[in-house]
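The chain contents come next:
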Amino acid sequence: MRKIDWYDEFVNRNYRPKKREIVALFRYGATGISSKEAVGRIASESSVGTWTTLPGMPVKQINKLKAIAFWYNKEFAKIAYPLELWERGSIPQLMTGIAGNIFGMKALKNLRLIDASLPREYLKEFKGAVYGKEAIKKIFKKRKGPITATVIKPKLGYTAEQHAKLAYEIYLGGIDCVKDDENLTDLKFNRFNKRVELVAKARDKAEKETKEIKDAFINVTAPNLKELERRIRLVHDFGFRYFMIDVVISGFTAVQTAAELAKDYKMAIHAHRAMHAAFTRSNKHGISMLFLAKLFRIIGVDNIHIGTIVGKMAGSENEIIAMKEMLLSKKVKGIPKLRLEQNFYHIRPILPVASGGLHPGILPVLFDAFGTTDIAIQVGGGVLGHPQGAEAGAKAVCQAIEAYHRGIKLEEYAKKHKELREALEKWGTLRPM
Ligand code: CAP
Ligand code: MG
């Protein structure tokens, strides 16, 4: 019978990837076809192949660009990709290959891109973050973390004036940064320009009174790149050192554009990851948050949300810890089925952000898992929901951090710190779902 397809030409268990190749780790499921055919299809469709043989093809020339599945079992596969397949400096184009059509192949029941190790030659086109984890020292002049942030809650609804007034109270309570929520951009009741101007005034006033450095994660997520650039420039012109962008919603092209601008303006990027769970949550299909976080580190964000283990958002403990370690390290070892070895060379370590359902009562268990030095925490409802209001809520978070740093139990510390006591009376050690 005439050979119709050539998937088996993309499989070679004896192949050893070259140092300068990209290696991707996939988890897959297939029924009715062999593992060899399944991994051959993945390698083919994510590099140069298609469903049928192509008689007119210049074989030697194309063979140089074939991806090769060189290791696999019935559930996991490693595929090596020649560097020539990839446009230098373009994450969008990388993802069209290793995270494109292959997710939709009928022959596969499920497919998950777990990680990809990127060689030095590929990484050299990326500059990484302006500050990364050094922001703790270089922006906030703090010897060690955590950087504290509070997102104004409810998510939407306040006018720019009310937003800025709450920002001022939160700053006075000792929090380093106020944060826009992921869906607060430029709305009729809270105009972007007005919010930037008024939060800058609140920041300046609070800095004068507290003698502390204050900043904000103002959300520059925009409908187009021109407006994105205008918003970043405005945040810069009002003296902020950070801006925030919804990185998954905005997409790789927008985040690479924002990263270029951050370099020009010497600014730090706070990466919110809203929408990631649409495809990171399943451990059988989609893309791991670990690999997404690696990509955004390489592109150049300074902080990125990775989950809390203890809070309201889903996320497996071992993946969150593996992600935190990857973000903070110059080089990481592989962890079977979870993470590939990666040397980041010149790409700075960046700050993991723990956020989502946090309040003073569960900060100690968070810090036990994350440590407090190289981390940013975001506490929204856990500040604005304090019985005595925003400033008291901010104080309660700061008191919980002080207690942890001094090795004192919260209940003990709360005896002499009423804001913490009131937070514990309301929430105790509740772990919000
Ligand atoms: C947290 C938050 C953040 C989540 C995002 C929210 O508010 O502002 O967007 O942390 O999830 O809208 O839920 P709370 P993740 O502090 O009031 O929970 O950090 O997992 O990306
Ligand atoms: Mg939010």
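For the structure, check the block above.
Right, let's walk through the structure included here. (Residues numbered from 1 in each chain as written. Chains lettered and ligands numbered in written order. Predicted model: local features only at pLDDT ≥ 70, side-chain atom pairs only at ≥ 80, totals over all residues. Heavy atoms only, no water.)

Describing the packing of helix α12 (residues 289-299) against helix α13 (residues 317-328)
Turning to step 1, where the next piece is worked out: It is the contact of α12 with α13, at a shortest axis distance of 9 Å, that shows an interaxial angle of 15 degrees. As summarised for this structure, α12 and α13 are arranged roughly parallel, according to the angle between their axes. Where α12 crosses over α13, the two elements pack in a sense that is right-handed. Mapping the contact onto sequence places M289, L290, A293, K294 and R297 in α12 and E319, A322, M323, M326, L327 and L328 in α13. (Axes fitted to C-alpha atoms, helices over the stretch in contact; angles between N-to-C directions. Helix = DSSP H or I, 4+ residues; strand = E, 2+ residues; numbered from the N terminus. Parallel < 35°, antiparallel > 145°, perpendicular 65-115°, else oblique. Left-handed = near helix turned anticlockwise from the far one by under 90°. Contact = heavy atoms within 4.5 Å.)

Comments concerning the side chain of K214
Turning to step 1, where the next piece is worked out: Along the chain, the position of K214 falls in the loop between α7 (192-210) and β7 (215-217).
Turning to step 2, where the next piece is worked out: Among the polar contacts listed, one links the side chain of K214 to the backbone oxygen of I175, at a separation of 2.9 Å. (Polar contact = N/O pair within 3.5 Å; in protein donor to acceptor, adjacent residues only side chain to side chain.)

Examining helix α1 (residues 35-45)
Turning to step 1, where the next piece is worked out: Burial in α1 covers these residues: A38, V39, G40, R41, I42, A43 and S44.
Turning to step 2, where the next piece is worked out: Each element contacted by the buried residues of α1 is listed here: β1 (22-30), β2 (68-72), β3 (76-81) and β4 (108-117). (Buried < 20%, exposed > 50% of the residue type's maximum accessible area, 1.4 Å probe, protein only.)

Topic: unusual backbone geometry
Turning to step 1, where the next piece is worked out: For the bond from G145 to P146, the omega torsion is 5 degrees, close enough to zero to count as cis.
Turning to step 2, where the next piece is worked out: Of note, P146 is situated in the loop between α5 (135-138) and β5 (147-151).
Turning to step 3, where the next piece is worked out: The peptide bond linking K153 to P154 adopts the cis configuration, its omega dihedral lying at 5 degrees.
Turning to step 4, where the next piece is worked out: With respect to the helices and strands, P154 occurs in the loop between β5 and α6 (160-172).
Turning to step 5, where the next piece is worked out: Phi at K141 takes a positive value of approximately 50 degrees, unusual for a residue other than glycine.
Turning to step 6, where the next piece is worked out: Looking at the secondary structure, you find K141 in the loop between α5 and β5.
Turning to step 7, where the next piece is worked out: In this structure, K337 takes a positive phi of about 65 degrees despite not being glycine.
Turning to step 8, where the next piece is worked out: Among the secondary structure elements, K337 is positioned in the loop between β12 (331-332) and β13 (342-343).
Turning to step 9, where the next piece is worked out: What makes K337 exposed here is its relative accessible area of 56%.

Observations concerning the pairing of β1
Turning to step 1, where the next piece is worked out: Most of β1 sits inside the fold, with eight of its nine residues counted as buried.
Turning to step 2, where the next piece is worked out: Pairing of β1 with β3 involves six bridges; the strand directions are antiparallel. Bridge pairing links V23 to A80 in β3.
Turning to step 3, where the next piece is worked out: Inspection of the sheet shows β1 paired to β4 by eight bridges, in the antiparallel sense. Counterpart to L25 in the pairing with β4 is D115. (Pairing = 2+ DSSP bridges.)

Structural notes on the site of ligand 1
Turning to step 1, where the next piece is worked out: Taken together, the neighbourhood of ligand 1 is formed by 17 residues, with K155, R273, K312, S355 and G357 sitting nearest.
Turning to step 2, where the next piece is worked out: Side-chain polar atom of K312 to an oxygen atom of ligand 1: 2.7 Å apart, as the coordinates give it.
Turning to step 3, where the next piece is worked out: The contact in question runs from an oxygen atom of ligand 1 to an N or O atom on the backbone of G357, over 2.6 Å.
Turning to step 4, where the next piece is worked out: For ligand 1, the accessible surface in isolation is 480 Å², of which the surrounding protein chains cover 94%. (Near = heavy atom within 4 Å. Areas by Shrake-Rupley, 256 points an atom, 1.4 Å probe, with all protein chains shown as cover.)

Section: the sheet that holds β5
Turning to step 1, where the next piece is worked out: The strand order across the open sheet built from eight strands is β7-β6-β5-β15-β14-β11-β9-β8, with neighbouring strands paired in parallel fashion. The sheet terminates laterally at β7 and β8 (242-246), the two strands that pair on one side only. Pairwise comparison of adjacent strand axes, ignoring direction, gives a mean angle of 25 degrees for this sheet.
Turning to step 2, where the next piece is worked out: The pairing of β5 with strand β15 (residues 376-378) spans three bridges and is classified as parallel. Bridge assignment links T148 to a residue of β15, and that residue is I377.

Focus: the coordination of the magnesium ion (ligand 2)
Turning to step 1, where the next piece is worked out: Protein ligation of the magnesium ion (ligand 2) involves D181 (OD) and E182 (OE), the donor distances falling in the range 1.8 to 1.9 Å. The burial state of D181 is the same as that of E182; both residues are buried. (Donors = N, O, S within 2.8 Å, 3.2 Å for Na, K, Ca; no water.)

A word on α7
Turning to step 1, where the next piece is worked out: Relative to the 27 Å expected for 19 residues at 1.5 Å per residue, α7 spans 26 Å between its end C-alpha atoms, a close match to the ideal helical length.
Turning to step 2, where the next piece is worked out: All of the buried residues in α7 are F192, R195, V196, L198, V199, A200, A202, R203, A206 and T210.
Turning to step 3, where the next piece is worked out: On its buried side, α7 packs onto α6, β6 (177-179), β7 and α8 (225-237). (Expected span 1.5 Å × (residues − 1).)

Remarks on the packing of α6 against α7
Turning to step 1, where the next piece is worked out: In contact at an axis separation of 9 Å, α6 and α7 are set at 25 degrees when each is read in the N-to-C sense. The angle between the axes of α6 and α7 places the two elements in the roughly parallel class. As for how α6 packs across α7, the hand of that crossing is right-handed. In this structure, α6 uses A160, E161, H163, A164, Y168, Y171 and L172 to contact α7, whose residues at the interface are K194, R195, L198, V199, A202, R203, K205, A206, E209 and T210.
Turning to step 2, where the next piece is worked out: Of the residues assigned to the contact of α6 with α7, the class counts are nine nonpolar, two polar and six charged. (Nonpolar A, V, L, I, M, F, W, Y, C, P; charged D, E, K, R; others polar.)

Describing the pattern of salt bridges
Turning to step 1, where the next piece is worked out: Summed over the entire model, instances satisfying the criterion amount to 32 salt bridges.
Turning to step 2, where the next piece is worked out: A salt bridge links K153 to D181, with the shortest nitrogen-to-oxygen separation between them at 2.7 Å. Within this pair, whereas K153 is found in the loop between β5 and α6, its partner D181 is found in the loop between β6 and α7, the two being separated by 28 residues in sequence.
Turning to step 3, where the next piece is worked out: Taking the relative accessible area as the measure of exposure, D181 reaches 3% and is therefore buried.
Turning to step 4, where the next piece is worked out: Note that R230 and E227 form a salt bridge whose closest N and O atoms lie 2.9 Å from each other. Taken as a pair, R230 and E227 lie in helix α8 at a separation of three residues, close to a single helical turn. (Salt bridge = Lys/Arg side-chain N within 4 Å of Asp/Glu carboxyl O.)

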